[in-house]
Number of protein chains: 2
Amino acid sequence: MRYCKIPDEAVRRLPIYLRGLLFLSEQSKKSISSQSLADFLGINSWLIRKDFSYFGDFGTPGVGYNIEKLIKHIKKILKLHVGHKVALVGTGNLGRAVLAYPGFRIYGFDVAAAFDSDPKKNGRKINNVVVENISKLGRLKKGKIDLGIIAVPGDAAQEIADALVKAGIKGILNFSPYRIIVPKKIKVITIDIAMDLARLPYYMRSN
Amino acid sequence: MRYCKIPDEAVRRLPIYLRGLLFLSEQSKKSISSQSLADFLGINSWLIRKDFSYFGDFGTPGVGYNIEKLIKHIKKILKLHVGHKVALVGTGNLGRAVLAYPGFRIYGFDVAAAFDSDPKKNGRKINNVVVENISKLGRLKKGKIDLGIIAVPGDAAQEIADALVKAGIKGILNFSPYRIIVPKKIKVITIDIAMDLARLPYYMRSN
DNA sequence: CGGTTTTTGAGAATGTGAGCACTAATTTTA
DNA sequence: TAAAATTAGTGCTCACATTCTCAAAAACCG
Ligand SMILES: NC(=O)c1ccc[n+]([C@@H]2O[C@H](COP(=O)([O-])OP(=O)(O)OC[C@H]3O[C@@H](n4cnc5c(N)ncnc54)[C@H](O)[C@@H]3O)[C@@H](O)[C@H]2O)c1
Ligand SMILES: NC(=O)c1ccc[n+]([C@@H]2O[C@H](COP(=O)([O-])OP(=O)(O)OC[C@H]3O[C@@H](n4cnc5c(N)ncnc54)[C@H](O)[C@@H]3O)[C@@H](O)[C@H]2O)c1
């Protein structure tokens, strides 16, 4: 199974594993069995073993997986072994929450630039990042920023996406509920909070 | 295929359809073909037809689907035909963004209560909702609130989840990156923004 | 009113992932 | 050193989801 293409669903789980392993690493644990990790994360042990086996032999039978080795490898697969700079567009309520959130750092992300069209917001400093005018977005190219977060109203999302692509961004995290169209080589992940909330009642038991 | 169980993946798409249909309805459109809807939403037409066919015959060959009828039916399936009141716990950056967001209303949600443990935040009014002390969470039962949103730091998420369940909540939207354990009949949907961002670099083309 | 176009709905084929069971490898223990 | 215990790795099966194809149904048009 080695050297296979990693299934999308497994890729989706890798950040979960990574967060758990980083936590264990901080506690100075050296290795862990798939069963213990399974109990810790609430994921079946065989699924963990299968996922890990997609990218090579890392476990030692009778012992488990070397945590540091695994962290390094998962980071490499997710391309998180190098840090990434992120540009945020839209410093409204959600955008400010993103700017203030320290939790992106464990994955090596640095929200290094922020833009807004509202002149009243330009110049404000949030978490050491100065909010620039949206017209400055083109200058991104020099900054080694390769990811963008869209937190503007839906009807502005497409034009911002176009601008980000033009500025050389390789991936976009989109919070707006609008579909955005980009060149095939650019990956877009959309988080639509209202939509996720909307499928919650479906699963409610009425009892 | 009528009266079949609807696959989870189809349920995940229903809110997308619903949003699109509500938009078209506002434009006074009466009916739409699966192909036009497909172009509009960026989803394949046969997938739309298959999803709709899970819950009955609604289309008219040669014409398409009646928009109002479809909206009503999708709402019923998602149990959105009755409005839902939502309790928010944690009025930090993300919580405040949720409170201020008007977009939940199209799905019939009303964020009707907010709680925080920080006394400095208690009593503040955000978007017509007064932030109450977390100790008041138990009183929820009288308020017909059936959904909860967790926007507290990860290490407090489990205790809040327990409190929400005790207060009679039927479903939880969890923004914290921690796993929370609840009785089987309670549905939890977790949105982990950092994790979604973390799998973006994987898809980056290095060209 | 009959032929043509549009469009649905369902079944078949294909692809993908989850779940399970078993094998093999390594360590621990007697 | 040999047996037992632990644990990783992988092949197999089943369920589910996507994709494709096509016949039947309805509307439209001349
Ligand atoms: N806040 C939530 O809970 C929530 C939930 C679901 C979806 N969303 C979506 O997330 C996005 C942001 O939400 P929000 O609550 O932060 O909205 P918001 O109105 O608070 O902020 C939007 C920000 O974008 C800026 N902006 C508008 N047009 C712009 C443009 N063309 N270029 C640059 N900046 C521009 C505005 O000045 C404002 O600062 C929206 O698309 C919203 O639909 C938010
Ligand atoms: N902001 C983001 O962009 C972002 C991204 C990913 C994940 N998250 C997660 O979302 C959650 C909230 O994030 P945030 O940025 O709003 O954090 P925040 O620190 O701004 O807000 C947390 C709020 O919870 C309150 N709180 C703490 N303990 C509590 C308790 N026991 N009961 C009630 N209230 C309590 C605090 O008083 C504070 O108001 C966190 O779990 C965070 O990890 C946030």
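What you see is a predicted model, and the numbers here were worked out from it, not measured in a lab. (Residues numbered from 1 in each chain as written. Chains lettered and ligands numbered in written order. Predicted model: local features only at pLDDT ≥ 70, side-chain atom pairs only at ≥ 80, totals over all residues. Heavy atoms only, no water.)

**What about the site of ligand 2?**
- Close to ligand 2 lie 23 residues, the nearest being A:Tyr101, B:Leu94, B:Asp116, B:Lys121 and B:Val152.
- At 2.6 Å from an oxygen atom of ligand 2 is found a main-chain nitrogen or oxygen belonging to B:Val152.
- Starting from 830 Å² of accessible surface for ligand 2 in isolation, the protein chains cover 84%.
- Elements represented by at least two residues in the shell around ligand 2 include exactly α5 (93–100) of chain A together with α5 (93–100) and α6 (154–166) of chain B.
- Take the shell around ligand 2: its biggest share by element is three residues, from α6(B).
- In the shell around ligand 2, the residues fall into 13 nonpolar, seven polar and three charged. (Near = heavy atom within 4 Å. Polar contact = N/O pair within 3.5 Å; in protein donor to acceptor, adjacent residues only side chain to side chain. Areas by Shrake-Rupley, 256 points an atom, 1.4 Å probe, with all protein chains shown as cover. Helix = DSSP H or I, 4+ residues; strand = E, 2+ residues; numbered from the N terminus. Nonpolar A, V, L, I, M, F, W, Y, C, P; charged D, E, K, R; others polar.)

**Structural notes on the sheet that holds strand β2 (residues 59–60) of chain A**
All names here are of chain A.
- Read from one edge of the open sheet, three strands run β1-β3-β2, paired in antiparallel fashion. With one partner strand each, in any of the chains shown, β1 (31–32) and β2 form the two edges of the open sheet.
- Pairing of β2 with strand β3 (residues 64–66) involves two bridges; the strand directions are antiparallel. In the sheet register, Thr-60 faces β3, and the bridge partner there is Gly-64. (Pairing = 2+ DSSP bridges.)

**Observations regarding the pattern of salt bridges**
- Evaluated as defined, the whole model comprises 10 salt bridges over all chains.
- A salt bridge links A:Arg19 to B:Asp192; the shortest N-O distance between them is 2.4 Å. Of this pair, A:Arg19 sits in helix α1 (residues 8–26) while B:Asp192 sits in the loop between β10 (187–190) and α7 (193–198), which puts the two residues in different chains.
- On the basis of relative accessibility, which here comes to 15%, the residue A:Arg19 falls in the buried class. (Salt bridge = Lys/Arg side-chain N within 4 Å of Asp/Glu carboxyl O. Buried < 20%, exposed > 50% of the residue type's maximum accessible area, 1.4 Å probe, protein only.)

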